[in-house]
Each structure stands twice: as structure tokens, then as C-alpha cells.
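# Structure assessment
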Amino acid sequence: MGSFKLGRMTLRSLFKKPETVLYPVEKRYEPEGLKGHIAVDIKKCTMCGVCQKRCPTGAITVDKEAGTWTINRFDCIQCRTCVRDCAFDCLTMEPGYQKPATEKFSATETKPEPTDEELAEKARKEAEKAARVKAALEAKAAREKAAKEAEGQ
Ligand code: SF4
Ligand code: SF4
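So, here's what we can say about the structure. (Residues numbered from 1 in each chain as written. Chains lettered and ligands numbered in written order. Predicted model: local features only at pLDDT ≥ 70, side-chain atom pairs only at ≥ 80, totals over all residues. Heavy atoms only, no water.)

## Quick look at the sheet that holds strand 3 (residues 68-72)
Strand order in this open sheet of 3 strands is 2-3-5, and the pairing throughout is antiparallel. Every interior strand has two partners, whereas the edge strands, strand 2 (60-63) and strand 5 (106-110), have only one. Averaged over all pairs of adjacent strands, the angle between their axes in this sheet comes to 15°, without regard to strand direction. (Pairing = 2+ DSSP bridges. Helix = DSSP H or I, 4+ residues; strand = E, 2+ residues; numbered from the N terminus. Axes fitted to C-alpha atoms, helices over the stretch in contact; angles between N-to-C directions.)

Below, the structure written as C-alpha cells:
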């Protein structure tokens with residue numbers, strides 16, 4: 001590159017707006033699909049622990065007993081594996097980066113206690129399931145009895 005061209009470029013850049021921004025004070029716009037941070041819909045989470053097992057950096061911790069889902073955003077590399085592998089669709093990749101900090105820290109979400117309606121719905125589903133199992137066992141017993149009777153004739 002000739003020195004004239006280089007000089008012209010240097011002069012032009014002196015009066016141009018910088019390409020960089022003063023992050024985090026200034027932010028660029030966040031395009032759709034930006035891999036910013038992981039969000040959890042804790043109400044839908046079943047505490048199965050799959051996201052913890054699949055996370056390649058160990059950024060997620062699921063404590064089923066305590067009903068907590070924890071992420072260390074400084075360890076997350078935004079690979080999206082947890083979003084892909086959660087069978088209950090409770091994880092999403094949202095725009096917006098973790099703000100810089102001088103020390104790593106985690107964010108914890110706690111599963112809320114089920115409401116009376118949710119408990120009633122759960123009991124109803126369990127009763128339905130038990131009735132289906134009972135009916136299937138009775139049908140099986142009846143088939144076996146009929147088969148034995150047929151053998152005896
Ligand atoms: S995989 Fe989904 S349902 Fe299972 S613990 Fe993680 S967020 Fe919860
Ligand atoms: S996006 Fe990747 S690194 Fe981040 S929490 Fe999910 S699995 Fe772990």
C-alpha cells in the first residue's frame with residue numbers, strides 16, 4: 001500500500017466514529033438469535049438434571065432436593081447444548097450478555113411450591129394412571145384365566 005493511500009486512510013479514521021463501543025456503558029443492538037445468556041422457566045423444570053450432565057463446561061448445577069437450578073454464567077460458553085437437550089423446553093437462549101464482573105458468581109432459580117390447583121391436577125393424573133394400570137392388570141389376568149380354562153377343556 002502506498003504511503004499516500006495509507007496517510008489518507010489514517011486521516012479519514014481520525015474524523016470517523018470508532019468501530020468499537022464503550023461496552024458495557026454503550027451497547028450494540030442485539031440481533032435476533034444472538035447467543036446472549038441462558039434463561040430457565042423454573043416452573044416447567046422437572047429437576048431431571050439432564051442439562052447439568054450435558055453441559056460441557058459444568059456451568060449448571062441442579063439440586064433436586066432443594067428444588068434449585070443454578071448457572072455460573074461466567075463458565076457458560078453459549079453452546080446451546082442444554083437448550084437442545086432439555087426435554088421439557090424450559091431452557092432458552094436469550095439476547096443480552098452477562099455483565100462483566102471482577103469475580104465469578106452464580107445465579108440460582110428456586111422451583112416454587114406447587115399451587116393447590118397443580119397438586120389437585122397431579123393427584124387426578126396419578127389416579128387416572130393407577131386406574132389404567134389396574135384395568136390393564138385385570139384384563140391380563142382375565143386373558144390368562146381364559147387361556148388356562150381353554151387348555152383344561
Ligand atoms: S434438562 Fe430441563 S427439566 Fe431437566 S433439570 Fe435441566 S432445565 Fe430442568
Ligand atoms: S449453553 Fe452450553 S455451556 Fe452454557 S450452560 Fe448451556 S450447555 Fe452449558
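## Thoughts on the pairing of strand 4 (residues 91-94)
If a strand is regular, its side chains alternate between the two faces of the sheet. Judged by which residues are buried, strand 4 turns out to be one-sided: Leu91 and Met93 face inward and are buried, whereas Thr92 and Glu94, on the alternate face, are not. Two strands pair when backbone bridges link them, and strand 1 (residues 37-40) and strand 4 are joined in this way by 4 bridges, in the antiparallel orientation. Across the sheet, Ala39 pairs through a bridge with Thr92, a residue of strand 4. (Buried < 20%, exposed > 50% of the residue type's maximum accessible area, 1.4 Å probe, protein only.)

## A word on the pattern of salt bridges
Applying the stated rule across the entire model yields 8 salt bridges. Two residues, Glu121 and Lys125, come together in a salt bridge whose shortest N-O distance is 4.0 Å. With Glu121 and Lys125 both in helix 4 (residues 116-152), this residue pair falls 4 residues apart, about one helical turn. Given the relative accessible area of 34%, Glu121 is considered partly exposed. Between Arg124 and Glu128 there is a salt bridge; the shortest N-O distance is 2.5 Å. Residue Arg124 and its partner Glu128 are both found in helix 4; the two are separated by 4 residues, about one turn of the helix. Under the relative-accessibility criterion, Arg124 is labelled partly exposed at 39%. (Salt bridge = Lys/Arg side-chain N within 4 Å of Asp/Glu carboxyl O.)

## A word on unusual backbone geometry
Positive phi, normally seen in glycine, also occurs at Met47, with a value near 65°. Mapping Met47 onto the fold places it in the loop between strand 1 and helix 2 (50-54). Residue Asp89 is not a glycine yet carries a positive backbone phi of 55°. For Asp89, a relative accessible area of 57% puts it in the exposed group.

## What to know about the nonpolar core
Side chains that are nonpolar tend, in soluble globular proteins, to be buried together. Counting 19 residues, the largest nonpolar core has Ile38, Cys51, Ile60, Trp69, Ile71, Cys82 and Leu91 as the members making the most contacts within it. Secondary structure elements with two or more residues in this core: strand 1, strand 2, strand 3, helix 3 (81-85) and strand 4. Apart from the residues lying within four places of it in its own chain, the contact partners of Ile60 are Cys51, Gln52, Cys55, Trp69, Thr70, Ile71 and Cys82. (Core = buried A, V, L, I, M, F, W, Y, C linked by side-chain atoms within 4.5 Å. Contact = heavy atoms within 4.5 Å.)

## Structural notes on the environment of Thr68
Along the chain, Thr68 falls in strand 3. Assessed through its relative accessible area of 15%, Thr68 is described here as buried. Each C-alpha atom, one on Thr68 and one on Ile42, is 8.6 Å from the other, the two residues being 26 residues apart in sequence. In this structure, Thr68 is in contact with Met47, Thr61, Val62, Asp63, Thr108, Glu109 and Thr110, ignoring residues within four places of it in sequence.

## Regarding the packing of aromatic side chains
Scanning all chains against the criterion turns up 1 aromatic pair. Seen from their ring centres, Phe74 and Phe105 are 5.1 Å apart, and the 70° between their planes marks the pair as edge-to-face. You can see Phe74 sitting in the loop between strand 3 and helix 3 and its partner Phe105 sitting in the loop between strand 4 and strand 5, a full 31 residues away along the chain. We classify Phe74 as partly exposed; its relative accessible area is 26%. (Phe/Tyr/Trp six-rings, centres within 6.5 Å; stacked < 30°, edge-to-face > 60°.)

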